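Listed below, chain by chain, are the residues.
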Amino acid sequence: MLKSLDPLLTPDLLWVLAAMGHGDDIAIVDGNFPAESVAAETTSGKLVNLSAVPIERAARAILSLMPLDAFVDDPVRCMEVVGKPDEVPEPRATVRAEIEAAGEKTLIRPIERYAFYEAAKKSFAVVQVADPRFYGCFLLRKGVIAGERPAY
């Protein structure tokens, strides 16, 4: 355990977040998602498993370290409800609350189910939670942290 670090940030997840660059996506998916096969096609080839954690709790941990990309219109995308593109399922509402709590101001753009699968394959890595609720699948695009050159 480390001071001031969310205990859900496992060594594998910390490596993924640190290795990602500006504009890379991370897929955070529910327990129903074909995570192992999709993760095998990602940049890292890694599946990070956060079992027994709801999707919004994983989003909170990730957003505690990772800024969202402010240079694009859709830094957060989610899987659209099949046949009901305007429906907002519970996982989307709870992740929306975590995004706002992290101080981020962005919309969550739904994308068609199979388009989501393809986009997830192009992400840096996949994080799977055990959340059984449908449509708890998100793509978060990493932003930048501006600052001065460190003095060593």
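The structure this text deals with has already been given above.
Residues numbered from 1 in each chain as written. Predicted model: local features only at pLDDT ≥ 70, side-chain atom pairs only at ≥ 80, totals over all residues. Heavy atoms only, no water.

**Q** What is the right way to read the state of the cysteines from this model?
**A** By definition, a disulfide links the sulfur atoms of two cysteine residues through a covalent bond. Per the stated rule, a full pass over the model turns up zero disulfides. This cysteine, Cys78, is not joined by any disulfide, and Cys137 carries the nearest cysteine sulfur, 9.2 Å off. Exposure remark for Cys78: the relative accessible area of 0% places this residue in the buried category. (Disulfide = S-S within 2.5 Å. Buried < 20%, exposed > 50% of the residue type's maximum accessible area, 1.4 Å probe, protein only.)

**Q** Please explain the packing of aromatic side chains as it appears in this structure.
**A** Any two aromatic rings considered together are summarised by their centre-to-centre distance and by the angle between their planes. Tallied over the full model, the rule gives four aromatic pairs. Between Phe33 and Phe116, the aromatic rings sit 5.9 Å apart at their centres with planes inclined by 90 degrees, giving edge-to-face as the arrangement. A residue pair is termed long-range when its members are at least 10 positions apart, and Phe33 in the loop between strand E1 (25–29) and helix H2 (35–39) and Phe116 in helix H5 (residues 113–121) qualify at 83 residues. Residue classification places Phe33 among the buried residues on the basis of a relative accessible area of 6%. A relative accessible area of 0% means that Phe116 is categorised as buried. The rings of Phe33, Tyr114, Phe116 and Tyr117 are connected pair by pair, giving a single aromatic cluster. Above the ring of Trp15, the side-chain terminus of Lys46 is found at 5.4 Å from the ring centroid. (Phe/Tyr/Trp six-rings, centres within 6.5 Å; stacked < 30°, edge-to-face > 60°. Helix = DSSP H or I, 4+ residues; strand = E, 2+ residues; numbered from the N terminus. Lys NZ or Arg CZ within 6 Å of the ring centre and 35° of its normal.)

**Q** Explain unusual backbone geometry to me, please; I cannot follow it from the model alone.
**A** Note: most residues except glycine have negative phi, and most peptide bonds are trans. One non-glycine residue, Ser4, lies in the positive phi region at around 60 degrees. With respect to the secondary-structure elements, Ser4 resides in the segment before helix H1 (11–19). The exposed category is assigned to Ser4, whose relative accessible area is 83%. Unlike most non-glycine residues, Tyr135 shows phi in positive territory, near 65 degrees. Examined against the element boundaries, Tyr135 turns out to sit in the loop between strand E5 (125–129) and strand E6 (138–141).

**Q** Is there a simple way to think about helix H3 (residues 55–63) in this case?
**A** Helical periodicity: at 3.6 residues per turn, an α-helix aligns residues three or four positions apart in one direction. Burial of H3 is extensive: seven of the nine residues sit out of reach of the surface. Buried residues of H3: Ile55, Glu56, Ala58, Ala59, Ala61, Ile62 and Leu63, and no others. Where H3 is buried, its residues contact H1, E1, strand E2 (47–50), helix H4 (90–101), E5 and E6. (Contact = heavy atoms within 4.5 Å.)

**Q** For this particular structure, what's the right way to read H5?
**A** Looking only at H5, the buried set comprises Phe116, Tyr117 and Ala120. Taken around the axis of H5, the buried residues stretch over an arc of 100 degrees, which confines them to a single face. Considering only its buried residues, H5 is in contact with E1, H2, strand E3 (76–79), strand E4 (108–111) and E6. (Arc of directions from axis to C-beta.)

**Q** Help me understand the nonpolar core, please; the structure alone is not making it clear to me.
**A** In terms of nonpolar packing, the biggest core is built from 30 residues, with Leu13, Leu17, Ile26, Leu50, Ile62, Met66 and Leu140 touching the most fellow members. Listing elements by their share of this core, those giving two or more residues are H1, E1, E2, H3, E3, H4, E5 and E6. It is H3 that provides the largest number of residues to this core, a total of six residues. Not counting residues up to four positions away in its chain, the partners in contact with Leu140 are Asp24, Asp25, Ile26, Ile28, Ile62, Leu63, Met66, Leu68, Pro75, Val76 and Arg77. Residues Phe33, Ala39, Ile111 and Val126 belong to the second largest nonpolar core, which totals 14 residues. (Core = buried A, V, L, I, M, F, W, Y, C linked by side-chain atoms within 4.5 Å.)

**Q** Help me out: how do you make sense of the pattern of salt bridges in this one?
**A** A side chain with one charge may pair with a side chain of the opposite charge, provided their charged atoms come close. Scanning all chains against the criterion turns up 13 salt bridges. Arg109 serves as the salt-bridge partner of Asp74, at 2.6 Å between the closest nitrogen and oxygen. With Asp74 in the loop between H3 and E3 and Arg109 in strand E4, this residue pair connects regions lying 35 residues apart in the sequence. A relative accessible area of 16% places Asp74 in the buried class. With relative accessibility at 38%, the residue Arg109 sits in the partly exposed group. The salt bridge involving Glu87 is made with Lys84; its shortest N-O contact spans 3.9 Å. Overlapping salt bridges, with partners in common, bring together Asp25, Asp74, Arg77, Arg109 and Arg141 in one network. (Salt bridge = Lys/Arg side-chain N within 4 Å of Asp/Glu carboxyl O.)

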